[in-house]
Number of protein chains: 2
Amino acid sequence: MASQPESSLPERSRDEQGAEGAAPSKNALKKAAKEKEKAEKAAKRQQQEQAEKDKAAASDTAAHLYGPISYTSPATPPGQYLEDLGDLNAAEENKKVTVQARVHSTRKQSAKLSFLVIGEGDHTIQAVVAEGGGQGISRQMVKWCGGINTESIVRITGLVKTPFEEIKSTSITKYELHVEEIFMVSGAPEQMPIQRKDCNQPPPGEEEGDVEKEGVINVGLKARLDNRVISLRAPAQQAIIDLQSEVSFLFAEYMRKHKFKWIQPSYMAGAATEGGAGVFEIKYFDTKAYLTQSPQFFKQMAIAGDMKRVCINGPVFRAENSNTKRHLTEFTGLDFEMTIMNHYHEVLSFGEKLMIFIIRALQTREECQHLVNIVKKAGYPEAGNFQLPPGDEAVRITFAEAKKLLKESGYDVGEDEHEDIDTAQEKALGAIIAEKHHTDFYTIDKYPRTLRPFYTHPDSTNPALTNSYDFFMRGQEIMSGAQRLHNYAELCQSMRDKGLDPLSEGFRHYTDAFKFGCPPHGGGGLGLNRIVQYFLGLNNIREATLFPRDPGRLAP
Amino acid sequence: MASQPESSLPERSRDEQGAEGAAPSKNALKKAAKEKEKAEKAAKRQQQEQAEKDKAAASDTAAHLYGPISYTSPATPPGQYLEDLGDLNAAEENKKVTVQARVHSTRKQSAKLSFLVIGEGDHTIQAVVAEGGGQGISRQMVKWCGGINTESIVRITGLVKTPFEEIKSTSITKYELHVEEIFMVSGAPEQMPIQRKDCNQPPPGEEEGDVEKEGVINVGLKARLDNRVISLRAPAQQAIIDLQSEVSFLFAEYMRKHKFKWIQPSYMAGAATEGGAGVFEIKYFDTKAYLTQSPQFFKQMAIAGDMKRVCINGPVFRAENSNTKRHLTEFTGLDFEMTIMNHYHEVLSFGEKLMIFIIRALQTREECQHLVNIVKKAGYPEAGNFQLPPGDEAVRITFAEAKKLLKESGYDVGEDEHEDIDTAQEKALGAIIAEKHHTDFYTIDKYPRTLRPFYTHPDSTNPALTNSYDFFMRGQEIMSGAQRLHNYAELCQSMRDKGLDPLSEGFRHYTDAFKFGCPPHGGGGLGLNRIVQYFLGLNNIREATLFPRDPGRLAP
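What you see is a predicted model; the values in this text were computed from it and never measured.

**With respect to the overall build of chain A**
Part 1: Summing up its helical and strand segments, chain A has 14 helices and 19 strands in all.
Part 2: The buried share among the 556 residues of chain A stands at 58%.
Part 3: By sequence separation, contacts in chain A at least 24 residues apart represent 67% of the contacts at least 6 residues apart.
Part 4: Summed over all atoms, the accessible surface of chain A reaches about 22,200 Å², with 50% contributed by carbon and sulfur.

Take a look at the structure:
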């Protein structure tokens, strides 16, 4: 067997997993020994507790109806069909079903009666365990059920029944589940570091710690991210990540429809461009390599190789020590690059229509709207209120018009027409355009040359401007893009104008690509995390990221 | 504007692009100065040549019909519609069309007549430039056309005409193009490092250099990869990369249909698992980080977070100093992970059906078959002959059965039933199964525990075996997968059995995920590059990779 493509593959596991790399220090060994002892004790305790429970169960006439699950080969129980909890609302009364779900809460009403709330995604239902019910439920079984820890996963077989009165604490209100069998699939500990339910709301603003308000705990963002597998179980948090998935699929759908080729760039390069600023260095065997800062050079090389239209969905790495609500050291880029036939607005229009397609799908497709509603219901104030103009034409203004709009609204945009708009002004502009055009998505075209990178193609009529654009959602940038210089001599000159050496090791392979003939082309890179962040109006980009990385976070 | 999401963004371009990082040495400065001088001279020479050409053109009555193209804002020429070269076969005679294509060859027949072969993808057509033709073609124009360098990109407007006799040297045989206007979109130099046409065939076996046979040059793999933007223009090389794109889209299509969520793992981790063997180290601000070796831990954490079914399309990094035909230091992983309801064969069957879906689509969908045929036509001996059984059930054998088959065929598989099959035997097994079952795709189930990593779930009836599988194409592994241990105590014990510390910094975040309840689950990771390599029967994985990385290659 080969050592690719899965991690820790057989070859490695045989040769190297027994050893643990560098020798640990004495202290580390002591600590490890202690921890090992502790872990072994805990495991032993757990085993003992389980054994006691099992013993109690063994002397029980209902012993076969509950307890730990056992998986054997072939499948047990054969032919058992699991229902989605969400489907129970549509089931007929008295239907016998088997579901697998998390225990959200348990309540031992009496020795004869226990209640559980179990959930799957954003669906919850009440399960009832009554002595004498089902196939002969015992008191031991009622007790066992009442003692199940929250967040454990159980498999329940039971009957769908109408309760005496509508149940208000669960999402499924018209039914409850009368338990016949209940098995433990995976146990959770009594103490959880955070509670899932305390994460189903926007995290408290800037605070790192938890906040308590009227008895409700709101878990801080740091603790949510430290315990991602728990916070992710909160419906709103999972819906946010699910929406990220939808955007990836929508991007792929649109690209495929428009005959783009999905390419895989390399993420490691032998030389750092731009002198290494903003680039992570890698130890690459006996030499150095760098994590690429964007796949743009690779996209352009594919175009020079006549691929015509290419797209990418992959990580983007930025070694920038910025700790803001909208920066990460790693995020997902949705990139595209295309040959231009007549005018660079072909690219700009394509990008605008792409974004409108994505946002509109998020607003109209049933599966997406379901997710948006979960986020909205959890109290995110801006979820579901994103404005888009009718049709597939975006509101587009020039950089000069943007400055004029700001000036008219009383903002100081400086005397120099090529001076940039700052982040606060960008936000203000978002509000101005939202009021004027009823849209939270718009684009700005024709940035001054001084504000754009060397590879940007100048405007053919005004060389102080460029054929470049930024995309905005709620006044925040989600994409930069441009027509690129495709003429070798012009590209080299533009680099020299900015003090860069086109023949240096870092740039040679890039500039070489244009030496051998390259069609006019342009493209852009969308930030997936930002699209989700601003579509939902989330305060922090980390909420829209499954496992965020920033200067202070490298785990989990 | 923000510094994300596009590379070399405005902020950086303003602040940092003027400076070039570390100060260069004297020698480097000298060298740079020399190179700069050389480049400037070359640029000057080019400009002069261009100026001369332009001057000649200026005194020419046909000057407006040819020469360098000019793009202005808005589009020029307005409303001009570009045809795909491939569509010309279906055009009516005498239709006036405009195409943009590469010049494959030029031939100046006489002072009055030049021929060009122009191409786009795998389509080529002959273009004729005749004095007095069109809107009054001049001799200068005929001469200019005859002198265009191969690989230049031109835009031609002309009439589709039936030639005197069928043209045998182009893909479009029934038509030629009678040029009326021709403009230079992007010029190529007279000397190219390699020729596109010399790459449209399988590269010479192990040789690094070019091989000449009966007057035909076959460019070596190294030169092809060094000049990727040129070799990529060879139809067969581009079709291989296009098939990679198809597989990515097919994977996404299947995953979406089966309700998988497309997640984005992190590719940087704060601690190296497995003692750092096989993992690239990153300088991460003031600390160290590591490129993840696979997204598996992240997939499993998503499952522990109740995401149920997740998939990934992204890079996988392997710091393995192996220089084989099937290993890279970076490749693309198509990963999936899913909750198991009853039996781990749910995962295995899903994976098998997924692969059969992908391979069958490659064999039956028109756009894919078109690409396969291009590769086949270029002389790749195994392209297009991949065998698949009818239906969507894969041939599946156990590891024990695999060894028995090999033994029956006379292979020495050792006395120990848990001893692994080596790569040569795997290949032999591929041939045995192909003969017996008429399939080049099959799976092997139930590997011995000693051969699999710590997180693999043991078989419930025979603890010496595991619920694990490998997928094979033409006797070569393309995927490893398994049911994973989801029980925290069992996982920790399995790690300790292999001498690993589950509470170490490298593993703590991973093992933590299982502490808080996790459903049974399994998955696998497909190697995208290998799927394309073995589907087409390519000799070297680098051919199936756009920008390959190995211990000796970090560019382009």
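**Quick look at the pattern of salt bridges**
Part 1: Counted by the stated rule, this structure contains 59 salt bridges over all chains.
Part 2: Here R553 of chain A ties to D226 of chain A by a salt bridge, and the two come within 2.9 Å at their closest N and O atoms. With R553 of chain A in the segment after α14 (528–536) and D226 of chain A in helix α4 (residues 221–226), the pair connects residues that are 327 residues apart, well separated along the chain.
Part 3: For D226 of chain A, a relative accessible area of 34% gives the class partly exposed.
Part 4: Among the charged side chains, a salt-bridge network with shared partners connects R102, E151, R196 and R233 of chain A together with D306 of chain B.

**Section: the relation of the copies chain B and chain A**
Part 1: After a rotation of 180° and a shift along the axis of 0.0 Å, chain B superposes on chain A with an RMSD of 0.1 Å. As the rotation angle and translation indicate, the two copies are arranged about a two-fold axis. No C-alpha of chain B approaches the rotation axis more nearly than that of I282 of chain B, which lies at 2.3 Å.
Part 2: Of all interface residues in chain B, 100% are interface residues in chain A too; the two copies therefore contact each other through one and the same surface.

**Some thoughts on the interface of chain B and chain A**
Part 1: Each partner contributes residues to the interface: chain B has 170 residues there, and chain A has 170 residues.
Part 2: For the chain B and chain A pair, buried surface summed over both sides reaches about 14,300 Å², with 54% attributable to carbon and sulfur atoms.
Part 3: Counting every contact that joins chain B to chain A gives twelve salt bridges.
Part 4: The partner of D306 of chain A in a salt bridge is R102 of chain B, and the shortest N-O contact between them spans 2.9 Å.
Part 5: The interface formed by chain B and chain A includes 49 residue pairs in polar contact (both at pLDDT 80 or more).
Part 6: In terms of residue class, the side of chain B that touches chain A is built from 76 nonpolar, 48 polar and 46 charged.
Part 7: Looking at chain direction, strand β11 (residues 281–284) of chain A and strand β11 (residues 281–284) of chain B are connected through three bridges and run antiparallel. When the sheet's bridge partners are listed, K283 of chain A is paired in β11 of chain B with E281 of chain B.

**As for the environment of L334 of chain B**
All names here are of chain B.
Part 1: Following the sequence through the fold, L334 ends up in strand β14 (residues 330–339).
Part 2: Along the primary structure L334 and C311 are separated by 23 residues, whereas in three dimensions their C-alpha atoms are 7.3 Å apart.
Part 3: Setting aside anything within four residues of it in sequence, one finds L334 in contact with V247, F251, I312, N313, G524, G525, L526, L528 and I531.

**Digging into the confidence of the model for chain A**
Residues and elements named next belong to chain A.
Part 1: In this model, chain A carries a mean pLDDT of 89, and residues with pLDDT of at least 70 account for 89%.
Part 2: In this model, residues 5–24 is a region of pLDDT below 50 whose contacts with residues beyond four sequence positions or in other chains number 70 contacts.
Part 3: In the model, residues 72–76 has pLDDT below 50 throughout and makes twelve contacts with residues more than four positions away in sequence or in other chains.
Part 4: Among the prediction metrics, the complex's ipTM stands at 0.90, with pTM recorded as 0.91.

**Quick word on the environment of L405 of chain B**
Residues and elements named next belong to chain B.
Part 1: Mapping L405 onto the fold places it in helix α10 (residues 399–408).
Part 2: Residues L405 and I433, spaced 28 residues apart in sequence, show a C-alpha to C-alpha distance of 8.8 Å.
Part 3: The residues touching L405, leaving out its near neighbours within four places in the chain, are I397, L429, I432, I433 and K436.

**Description of the pairing of strand β19 (residues 521–527) of chain A**
All names here are of chain A.
Part 1: Burial of β19 is extensive: seven of the seven residues sit out of reach of the surface.
Part 2: Because side chains alternate across β19, one face comprises the buried residues H521, G523, G525 and G527, and the other comprises G522, G524 and L526, equally buried.
Part 3: Summarising the sheet, strand β14 (residues 330–339) and β19 pair through seven bridges and their orientation is antiparallel. Each residue of the ladder has a partner; that of F336, found in β19, is G524.

Scoring rules and cut-offs
Within every chain, residues take consecutive numbers counted from 1 along the sequence as written. By the order in which they are written, chains take letters starting at A while ligands take numbers starting at 1. Side-chain atom pairs in this predicted model are given and counted only at pLDDT of 80 or more, local residue features only at pLDDT of at least 70, and totals for whole chains, interfaces and linings cover all residues. Based on all heavy atoms of the structure, the side-chain values leave hydrogens and waters out of the count. Numbered from the N terminus, helices here are DSSP runs of H or I no shorter than four residues, and strands are runs of E no shorter than two. Three exposure classes are used, based on accessible area relative to the maximum for each residue type with a 1.4 Å probe and protein chains only: buried under 20%, partly exposed in between, and exposed over 50%. We call two residues in contact whenever any of their non-hydrogen atoms come within 4.5 Å of each other. What sets the accessible areas is the Shrake-Rupley method with a 1.4 Å probe; for residues, cover comes only from the shown protein chains. Any carboxyl oxygen of Asp or Glu within 4 Å of a side-chain nitrogen of Lys or Arg constitutes a salt bridge here. Least-squares superposition aligns the copies on the C-alpha atoms of those residues with pLDDT at or above 70 in both. Buried area is a sum: the accessible area each of two parts loses on coming together, probed at 1.4 Å, counted once for each and added. For the purposes of these results, a polar contact is taken to be a pair of N or O atoms within 3.5 Å, where, inside protein, one atom must be able to donate a hydrogen and its partner to accept one; residues adjacent in sequence count only when each atom of the pair is a side-chain atom. Any residue outside Ala, Val, Leu, Ile, Met, Phe, Trp, Tyr, Cys, Pro, Asp, Glu, Lys and Arg is labelled polar, Gly included; the first ten of those are nonpolar and the last four are charged. Here, a strand pair is defined by DSSP locating no fewer than two bridges between the strands. Per residue, pLDDT measures the predictor's confidence, with a range of 0 to 100.

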